[in-house]
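Results of the structural survey
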Amino acid sequence: MSKWTVLCALLVSLPVLAFAQAVDRTGDLIIDHARDMQVVTPRAAGSLDETWAHMDPGVAPEGDYIGGSAFTPDGSRMLLCNRMTDNITIFDWQSMQPLANVSVGRYPAAVAATNNIAVVACAFGNKVYFIDLNDYSVLDSLDAAEQPWVVHISPDSHYVYVACDIPNVCEVYDLTTRQHVRSIQNFPISLTTFSFNSASGRSDAVFTDFVITPDGAHLIASRCDSVLLFINSATGEVDDSILGIRHCAVLGLSGDSTKLIAVSPITPPVAYQIDMATRTILDSVSFSGTTMLMTYQVGVNQDGSKCYLGISDNQSAIVRFATHDFVTLNACYTAFWIGTTPDHRYAISGQFNFCMVDFETESVVSHLTGHGQYHGVVAPSGNRVVAYDPFNYEGPYFYDVTTPSNAQYLGKTPSGLFPEGDAPRFAAIAPDGSKAVCSNFLSNNLSIMNLSTQQTEAVVDAGDTPWEVAITPDSRYAVLCGFNTNSVQIVDLASDSVVADVPAGGRPAVVSISPNGDFAYVGNVLGNTVSVIALDGASSAEVTQIPCGEIGAVWASYGVSSDVEVSPSGRWVLVAASFDDFVHVIDTETNSEVALLAVGDFPLNIAFCGDDSLAVVTNYFGNSVSCLHIDGAASSVTGTYAVGNGPLRLAYDPATDQVGIGLYTAMQVKKINPHTGATMATHNFAQYGNVAGVAYDALGNEVVLTAGSGNVASQLHRGIDHTELPATPASFTLGTTGQLAAVAMPGPDFVTLVDYGTPNAAHARTISPALSFAISAAYPNPFNPAVTVRYTLPKDASVALRAFDALGREAATLFEGRQGSGEHQIVWDAHGLPSGPYWIRLEASGAGAVRKVVLLK
């Protein structure tokens, strides 16, 4: 497998750590929902003198860790669970905008709905919530057994069935009276996959499902030990069973309900065709030469003669029971989710694409790319589909499948309210200490934080999947890598706005800025090039691209990219070609490679040592570092030295002329002499967990980031100071003066600022990268000629709402004056203005929010 295949697979949605949590021998998931949050008791909040002060992690309400979903039967609304923020977002299909965000219990995992009532199972609150879909109020909440994960409503909308994992119980509720009816004991439910994404810090759990017969008389569930059960819904007793279907974890009914398809995900997988009238196995087809990966869903045609599955080797397949064989479909890849149209004429699936598959012709009739998807749901009516990927975007993608051969992607909308600050991955501190910025991986934006007030003052739209960010030496501009936009955004920190979008190479991921601020050097991990960008505010432009060998990332500490490092004078740039085991030396005067240095296995992070002549690179898989003499074409490797397991990040200590190596796996910082490679000191952090980063100030104070161990919190260490962090960190930055550090934590969307300005005391504040106010909606978008703009104010404020064109010129003032707290709505009529993108900027209380709209005539 190529390095880019590995990178893409981990980055988009394949499970990086499968079954990473404790699972008992029955398959019960016994974890808490706070996988990426540490259980730490903070000191009293509200003062900068406390270890940290918790703040609301986003616009209220935010929609984090999206989970289960459902359409109303009429297809007019779609409901989406937000597991971390403990709420449900209800979307209007027509406008694709949130109608309401309803708070429920802890960790809403699954939802089902009639046209009037939604039922939500809260897995770690052990509650079932009933929501009135007429006014979006909570009608009731009832107790459930431990960890309810799956919910279904009976065909006649009379009963609700909720499967609970730990005791293996199915709770039954009367939907009309909202009373608990009975508990069906020994009901089989088990965990099928648990996935954790190293890039975004998000996780996902999938459990076995069950089927309700059309008459509502029976629940069909598999015991996963060769027994398929038909459970009487009225009594809870097993009326019938089918034996011989090994480890069955996948069930689906034909459109006419005459056939049940059961699939055993053994090797090779086997699909069984079962007659519902006689409850006997009619046929079985083995998928010889394949396996099933993680998709425990099946699509079945109208009469049950065919079914559709995701299999290995980037394929999906249609089983043909009549001819006892199957046909593979490569265009669909391995389907991550599967559904069928209401008439069962077409199967629908998603992965890195969205596919419509015709059961009759056994062909792909629609194939849309551009949006990775891990889950999806098909409306019972209206030819409507929603798909989503909790690892890469926290909101649904909307599809219209009215014409199956020409399915249409309509757009996407974040869950909760915009703008959020989801999955902050990288933080940078302005050299003058005025501002910090962080790139938000999931919400596709950049947060700008005022370090005087220690609050987020602006959230700027940054395109698809922003990656690493750096700030120019004069503190004026932030330079942001747009990973999926293949461009670099230049953000003016004076106006808090994007002033240039510079095309770069494929997948820009890492950036280093020259000491004079004239150039940015950007590593493009798909293009395997370095983009040289001349920095000049709005006139910034790419000068050239330089081939640099195969670069990529290692997935420790949420992902560390192959380094691109400019020398202290700006004369040289070094590039760690991780997959080639070389370091490339680039002459910045000619923008050409002048030397190629063979180092250890998987060179990753680079640090210059005092001047241009000496540098050190970590070799992550070689458990070594290489010391480099840099002198243009005469550059050489002076030695490669073993240092311990997992050398990840490193930093130069100017006070001792030594280099600190952060050993991620060995949980140590090892200081070496960069001239000789000799180990000068070893600092152990085993009791604190993996070492995720190291830095030094001008006085030689060592700052170390640890990722936590057992019940020990993640911490930032500086001498005797141990600042506890509220979550597992991805990275941290130490400001140029060494007085301030910023730690990015993707899991719960936190950034912690640690101030070392007071002797013998570290003061920290954990803030949200999201705003306390927001432009919550702008619709329709694209628009012609009018767009409705909604925004929310947490308190009375002087407000200015203006529109700007693509050149940053003011196009209109929508509102200017004082407004009270709450939601506001303005209609902008852009009649007479040219087509194109516009940015609506909201300014209130000295902070700003921006929303992009497109006028399309």
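So, here's what we can say about the structure. Because the structure is predicted, anything quoted here is derived from the model rather than measured.

**Examining the overall build of the chain**
Assigned secondary structure in the chain consists of one helix and 75 strands. Taking 857 residues into account, the globule formula puts the C-alpha radius of gyration at 29 Å, and the chain, at 28 Å, falls close to it. A burial count over the chain gives 61% of its 857 residues as buried. Summed over its atoms, the accessible surface of the chain is roughly 29,400 Å², and 48% of this surface lies on carbon and sulfur atoms. Separation of charge centres in the chain, based on 39 positive and 82 negative side chains, amounts to 3 Å.

**Let's talk about the packing of aromatic side chains**
Under the defined criterion, the tally for this structure stands at 28 aromatic pairs. Their ring planes at 70 degrees and their centres at 6.1 Å tell us that phenylalanine 91 and phenylalanine 398 sit as a pair that is edge-to-face. You can see phenylalanine 91 sitting in strand 3 (residues 87-92) and its partner phenylalanine 398 sitting in strand 33 (residues 393-400), a full 307 residues away along the chain. There is no split in this pair, since phenylalanine 91 and phenylalanine 398 are both buried. Ring centres of phenylalanine 336 and phenylalanine 352 lie 6.3 Å apart, and the angle between their planes is 65 degrees; on these two criteria the pair is classed as edge-to-face. With phenylalanine 336 in the loop between strand 26 (325-329) and strand 27 (337-340) and phenylalanine 352 in the loop between strand 28 (346-350) and strand 29 (353-358), this pair connects stretches of sequence that are 16 residues apart. Classification of phenylalanine 336 as buried rests on a relative accessible area of 7%. Look at phenylalanine 352 and you get partly exposed, because its relative accessible area is 29%. Among the aromatic residues, ring-to-ring pairing joins Phe354, Tyr393, Tyr397, Tyr399 and Tyr409 into one connected group. Directly above the ring of tryptophan 467 sits arginine 425, whose terminal nitrogen or CZ lies 4.5 Å from the centroid.

**Considerations on the sheet that holds strand 49 (residues 564-566)**
With antiparallel pairing, four strands are arranged side by side in an open sheet as 49-50-51-52. Unpaired on one side and paired on the other, strand 49 and strand 52 (592-598) mark the two borders of the sheet. For this sheet the average axis-to-axis angle between neighbouring strands, irrespective of direction, equals 20 degrees.

**Some details on the sheet that holds strand 31 (residues 375-378)**
Taken in spatial order, the four strands make up an open sheet running 31-32-33-34, and their pairing is antiparallel. A single partner strand is all that each edge strand has here, and the edge strands are strand 31 and strand 34 (408-412). Averaged over all pairs of adjacent strands, the angle between strand axes in this sheet comes to 20 degrees, irrespective of strand direction. In the sheet, strand 31 pairs with strand 32 (residues 384-389) via four bridges, with the strands oriented antiparallel. What sits directly across from valine 377, in strand 32, is valine 386.

Reading the values: the criteria
Along each chain, the written sequence defines residue order, and numbers are assigned to residues from 1. A pLDDT threshold of at least 70 governs which residues receive local features in this predicted model, and a stricter bar of 80 or more applies before side-chain atom pairs are shown or counted, although totals over entire chains, interfaces and linings include all residues. Side-chain measures were taken over the full set of non-hydrogen atoms in the model, leaving aside hydrogen atoms and water. Per the convention used, a helix needs a DSSP run of H or I reaching at least four residues, while a strand needs a run of E reaching at least two, with both numbered from the N terminus. We compute the radius of gyration over the C-alpha atoms and compare it with the globule rule, which gives 2.2 Å times the number of residues raised to the power 0.38. Buried residues are those whose accessible area, probed at 1.4 Å on protein chains only, stays under 20% of the maximum for their type, while exposed residues exceed 50% and partly exposed ones sit between those limits. Surface exposure here means Shrake-Rupley accessible area, sampled with a 1.4 Å probe, where a residue is shielded only by the protein chains that are shown. A positive count includes Lys and Arg, and a negative count includes Asp and Glu. His and the chain ends are not counted in either. Here the site of a charge means NZ on Lys, CZ on Arg, CG on Asp, or CD on Glu. Note on aromatic contacts: the rings of Phe and Tyr and the six-membered ring of Trp form a pair at centre separations within 6.5 Å, being stacked when their planes are under 30 degrees apart, edge-to-face when over 60 apart, and tilted otherwise. By definition, being over a ring means that NZ of Lys or CZ of Arg is both within 6 Å of the ring centre and within 35 degrees of the ring normal. Pairing between two strands requires that DSSP report at least two bridges joining them. A fitted line through C-alpha atoms represents every axis, and for helices the fit uses only the stretch in contact; the resulting angles, taken between N-to-C directions, go from 0 to 180 degrees.

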